[in-house]
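Letter by letter, the chains look like this.
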Amino acid sequence: MNRSILKLIKNNNYLKYNSKSAFNYASTQRRSFATIGQATKSKADEKKPIYLDMQSTTPIDPRVLDSMLSLYTESYGNPHSKTHDYGWTSNDLVEDARDQVAKLIGADSKEIIFTSGATESGNTAIKGVARFYKEKKNHIITTVTEHKCILDSCRHLEMEGFKVTYMPVKENGLIDLELLEKTITPETSLVSIMAVNNEIGVIQPLKEIGKLCKSKGVFFHTDAAQAVGKIPINVNEMNIDLLSISGHKIYGPKGVGALFVRRRPRVRIEPILTGGGQERGIRSGTVPSTLAVGLGAACRISREEMERDSKWIKHLYDRLLKGITENVPEVKINGDPEKRYYGNLNISFSFVEGESLLMAIKDIACSSGSACTSASLEPSYVLRSLGVEEDMAHSSIRFGIGRFTTEEEIDYTIELLKTQVERLRELSPLYEMWQEGIDLKTIEWDQGH
Amino acid sequence: MSQKEIVLHLYRSFLRASNKFSSYNFREYALRRVATGFRENKNKNESETKDLIKESMKDLEMVKRQSLINSMYSKNKLVVE
């Protein structure tokens, strides 16, 4: 603010009060002093929306940041340098982190490979296993509800000449185990089914799938990016051979992930990134020690907090669901209501368009469909594969609850949804027709000639 | 100081440090987690409490560091504040 102008005002008594608050009073009054105040509301005054989009990413836990910072300031050595103390310290820290990741899923630390994220882990697992065993086995099974990284890898393999079966899912989002058994052939090398779906939150029956795959001699890969640290996972009990982990979904840093590759019985992989032979030759390149240590800390904290977190998240989920169903009629949960991770609530609001509802509740940061597919105008392929009708698929919102969500945020969400959904429904002609008792499916939209 | 007094002093220090987080979510979580943590370990015997006190001293240092860093890079408040 201009001090000379302030002096001018004080000296000439342009204002009644001789204080700073008077100056502000002048600025809000928008007097002729063009330099005082700002015409539009400054960015500094705007309040941020509350964050309910935990499936797209999570904030970094302060404890994780604490463990990472010393590597940015002091222990900056390359973990692969074997000749000096900087390298040895860095290596020890990275190996500790690897151990923590392994403990979270019940694996051995020699079976963990650090990657740049779950997308890279999925690519390495699927393309690597398929290409290695392609002489004898060239069939891969996956589901239609997988993450784009898995589906796209499979599409690329199809172009290389592999056969891929995209299994359908039941209406509740879970796969049919009998159908899976029939789909497995002697040429199948890999089955890839995600543990917890990122859009609807359903938990697949991992133990049963693992048992089935083991009995048929097929490798089982699971994209557990949304599942690790949130539901208990044990790769030995569940007979999992490959598992993808994502750092930024478990309150860790972005840009790091891990891939679990079973050693007994050995799973062979043709590497995608070749070079210096780091990470058992499967993923060459300097391990980002700062990010790896962050991932390790995030896994350790998740292991300690899993029970507390799941109790808290279930409590908030119940509160949110009760609040929505009591205050907003005609809503439908997408995905199985029981076999789900409670941090993910995907709801369709009838007679309301999804994007306009998202704009109306701008004070809540959530998403409709998944972040990776939100650039396109099409409704989410996951919802379509559940058999959800097009209009309901368009009007779905996904709320993500996490460790740091509070009861006030949930209550605020319920209040805002109540008023905005009501307002949008008042504007909807479809809602009017439905209220009058007209069956919307009998409407002739096309005035044929 | 008796062990009970030490624990109470530690609890108050934790609450004071947790309130210094400028980010709403971290502040609320820290307060909640400290309360839960102390409540869970209410009925431990003396030697176990001694180990817990040692560990929580380190955690207290971490909370102080992180709340300071959080306030250095803080931005606007949330709509619920």
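The shown structure was predicted, so the numbers you read here are calculated from the model rather than taken from an experiment.

Calculation notes
Residues numbered from 1 in each chain as written. Chains lettered and ligands numbered in written order. Predicted model: local features only at pLDDT ≥ 70, side-chain atom pairs only at ≥ 80, totals over all residues. Heavy atoms only, no water. Pairing = 2+ DSSP bridges. Helix = DSSP H or I, 4+ residues; strand = E, 2+ residues; numbered from the N terminus. Axes fitted to C-alpha atoms, helices over the stretch in contact; angles between N-to-C directions. Contact = heavy atoms within 4.5 Å. UniProt positions renumbered as here; feature names shortened; annotations may be inferred. Phe/Tyr/Trp six-rings, centres within 6.5 Å; stacked < 30°, edge-to-face > 60°. Buried < 20%, exposed > 50% of the residue type's maximum accessible area, 1.4 Å probe, protein only. Buried area = accessible area lost by both parts, 1.4 Å probe. Salt bridge = Lys/Arg side-chain N within 4 Å of Asp/Glu carboxyl O. Nonpolar A, V, L, I, M, F, W, Y, C, P; charged D, E, K, R; others polar. Parallel < 35°, antiparallel > 145°, perpendicular 65-115°, else oblique. 1 Å grid on protein atoms, 1.4 Å probe; cavity = no way out; pocket = protein on both sides within 12 Å on 5 of 7 lines; lining within 4 Å. Points joined across faces, edges and corners; volume = space filled by probe spheres on them. Domains from an automatic or database assignment. Patch = residues over 30% accessible without salt bridge, like charges linked within 9 Å, V, L, I, M, F, W, Y side chains within 5 Å. Areas by Shrake-Rupley, 256 points an atom, 1.4 Å probe, with all protein chains shown as cover. Lys, Arg positive; Asp, Glu negative; His and termini not counted. Charge placed at Lys NZ, Arg CZ, Asp CG, Glu CD. Expected span 1.5 Å × (residues − 1). Arc of directions from axis to C-beta.

**Points about the sheet that holds strand β12 (residues 396–400) of chain A**
All names here are of chain A. With antiparallel pairing, 3 strands are arranged side by side in an open sheet as β9-β10-β12. Single-partner strands in this sheet number two, and they are β9 (331–333) and β12. The mean angle between the axes of side-by-side strands here comes to 30°, regardless of whether they run parallel or antiparallel. Two strands pair when backbone bridges link them, and strand β10 (residues 344–349) and β12 are joined in this way by 5 bridges, in the antiparallel orientation. Paired with Asn344 across the two strands is Gly400, which belongs to β12. Contacts from helix α9 (residues 289–327) reach β9, β10 and β12, with the element oriented near 10° to β10.

**Some details on the UniProt feature "domain: Complex 1 LYR protein" (unreviewed entry) in chain B**
Those residues carrying the UniProt feature "domain: Complex 1 LYR protein" (unreviewed entry) are residues 7–62 of chain B in this numbering. Within residues 7–62 of chain B, the helical portion is 82% and the strand portion 0%, while the C-alpha atoms at the span's ends are 18 Å from each other.

**Some remarks on the packing of aromatic side chains**
Considering all chains together, one arrives at 13 aromatic pairs over all chains under this definition. Taking the centre distance of 5.6 Å and the plane angle of 85° together, the rings of A:Tyr251 and A:Phe404 count as edge-to-face. Of the two residues, A:Tyr251 sits in the loop between β7 (242–246) and β8 (257–261) while A:Phe404 sits in the loop between β12 and α13 (407–426), which places them 153 residues apart along the sequence. Judged by its relative accessible area of 4%, A:Tyr251 is buried. With 4.8 Å between their ring centres and 75° between their planes, A:Phe404 and B:Tyr29 make a pair best called edge-to-face.

**Quick notes on the interface of chain A and chain B**
On the side of chain B, 20 residues touch chain A, which itself brings 25 residues to the contact. Between chain A and chain B lies a buried interface of about 2,100 Å² when both sides are counted; carbon and sulfur atoms form 57% of it. Connecting chain A to chain B are 3 salt bridges. The set of elements that each furnish at least two residues to the side of chain A that touches chain B consists of α3 (62–73), α9 and α13 of chain A. Its residues placed into classes, the side of chain A that touches chain B shows 11 nonpolar, 2 polar and 12 charged.

**Focus: the packing of α3(A) against helix α3 (residues 46–72) of chain B**
Viewed as axis vectors pointing N to C, α3(A) and α3(B) meet at an angle of 90°, and their least axial separation amounts to 10 Å. Between α3(A) and α3(B), the crossing angle belongs to the class labelled roughly perpendicular. Here A:Pro62, A:Arg63, A:Leu65, A:Asp66 and A:Leu69 of α3(A) lie close against α3(B), whose contacting residues are B:Met62, B:Arg65, B:Gln66 and B:Ile69. Taken together, the residues that form the contact of α3(A) with α3(B) break down as 5 nonpolar, 1 polar and 3 charged.

**Let's talk about the sheet that holds strand β2 (residues 112–115) of chain A**
Residue and element names in this part refer to chain A. In space, the 7 strands of this open sheet follow the order β2-β8-β7-β6-β5-β3-β4, with mixed pairing throughout. Sheet topology places β2 and β4 (163–167) at the edges, where each strand pairs with a single neighbour. Neighbour-to-neighbour, the strand axes of the sheet open up by a mean angle of 20°, direction not taken into account. Running at roughly 160° to β7, helix α5 (residues 118–132) makes contact with β2, β3 (139–143), β5 (188–192), β6 (219–223), β7 and β8 of the sheet.

**As for the layout of surface pockets**
When its volume is computed, the largest pocket comes out at roughly 1,400 Å³. Around the largest pocket, the lining comprises 42 residues; the ones closest to its centre are B:Phe14, B:Arg33, B:Phe38, B:Ser56 and B:Asp59. Those elements that place two or more of their residues in the lining of the largest pocket are α3 and α9 of chain A together with α1 (3–18), α2 (24–40) and α3 of chain B. A per-class count over the lining of the largest pocket returns 18 nonpolar, 7 polar and 17 charged.

**Here's the deal with unusual backbone geometry**
In this structure, A:Pro265 follows A:Arg264 across a cis peptide bond, with omega equal to 0°. Along the polypeptide, A:Pro265 turns up in the loop between β8 and α9.

**Re empty space enclosed by the protein**
Residue and element names in this part refer to chain A. Under the criterion given, the structure shown has 2 cavities of 30 Å³ or more. In this structure, the largest cavity encloses a volume near 70 Å³. In this structure, the largest cavity is lined by Gly229, Lys230, Tyr251, Met306, Asp309, Ser310, Ile313 and Tyr341. Here the lining of the largest cavity is composed, by residue class, of 4 nonpolar, 2 polar and 2 charged. Three or more residues apiece are contributed to the lining of the largest cavity by two domains, here domain 1 (62–301) and domain 2 (306–428). The space that makes up the second largest cavity amounts to roughly 40 Å³. Taken together, Met54, Gln55, Thr58, Lys230, Tyr251, Tyr341, Gly343, Ile401 and Gly402 make up the lining of the second largest cavity.

**Some words on the environment of A:Leu177**
Residue and element names in this part refer to chain A. Within the fold, Leu177 resides in helix α7 (residues 177–183). Along the primary structure Leu177 and Val101 are separated by 76 residues, whereas in three dimensions their C-alpha atoms are 30 Å apart. Apart from residues no more than four positions distant in its own chain, Leu177 is found in contact with Pro205, Glu208, Ile209 and Leu212.

**Observations regarding a negative patch on the surface**
Residues and elements named next belong to chain A. There is a patch of like negative charges on the surface, built from Glu422, Glu426, Glu432 and Glu436. Turning to its location among the elements, Glu432 is positioned in helix α14 (residues 429–435). Taking relative accessible area as the criterion, Glu432 reaches 46% and is therefore assigned partly exposed.

**Quick look at α1(B)**
Each α-helix winds once per 3.6 residues, and so residues spaced three or four apart point in a common direction. Residues and elements named next belong to chain B. Under the 1.5 Å per step criterion, the end-to-end length of α1 is 22 Å for 16 residues, consistent within 8% with the ideal 22 Å. Where α1 is concerned, the buried positions are Leu10, Ser13, Phe14, Ala17 and Ser18. The buried residues of α1 all sit within an arc of 125° when viewed along its axis, so they share a single face. Across α1 from its buried face, at more than 90 degrees, point the exposed residues Lys4, Arg12 and Arg16.

**Overview of the pattern of salt bridges**
In this structure the tally under the stated criterion is 22 salt bridges over all chains. A salt bridge links A:Asp66 to B:Arg65, with the shortest nitrogen-to-oxygen separation between them at 2.7 Å. Placement of A:Asp66 in helix α3 and of B:Arg65 in helix α3 is noted, with the two residues assigned to different chains. When its relative accessible area of 42% is taken as the criterion, B:Arg65 is described as partly exposed. The residue A:Glu305 makes a salt bridge to B:Arg33 at a minimum N-O spacing of 2.7 Å. A residue pair is termed interchain when its members come from two chains, as with A:Glu305 in helix α9 and B:Arg33 in helix α2. Residue B:Arg33 is classed as partly exposed on the basis of its relative accessible area, which comes to 21%. The network of salt bridges with common partners includes A:Asp61, A:Arg63, A:Glu305, A:Arg308, A:Asp309, A:Arg403, B:Arg33 and B:Glu40.

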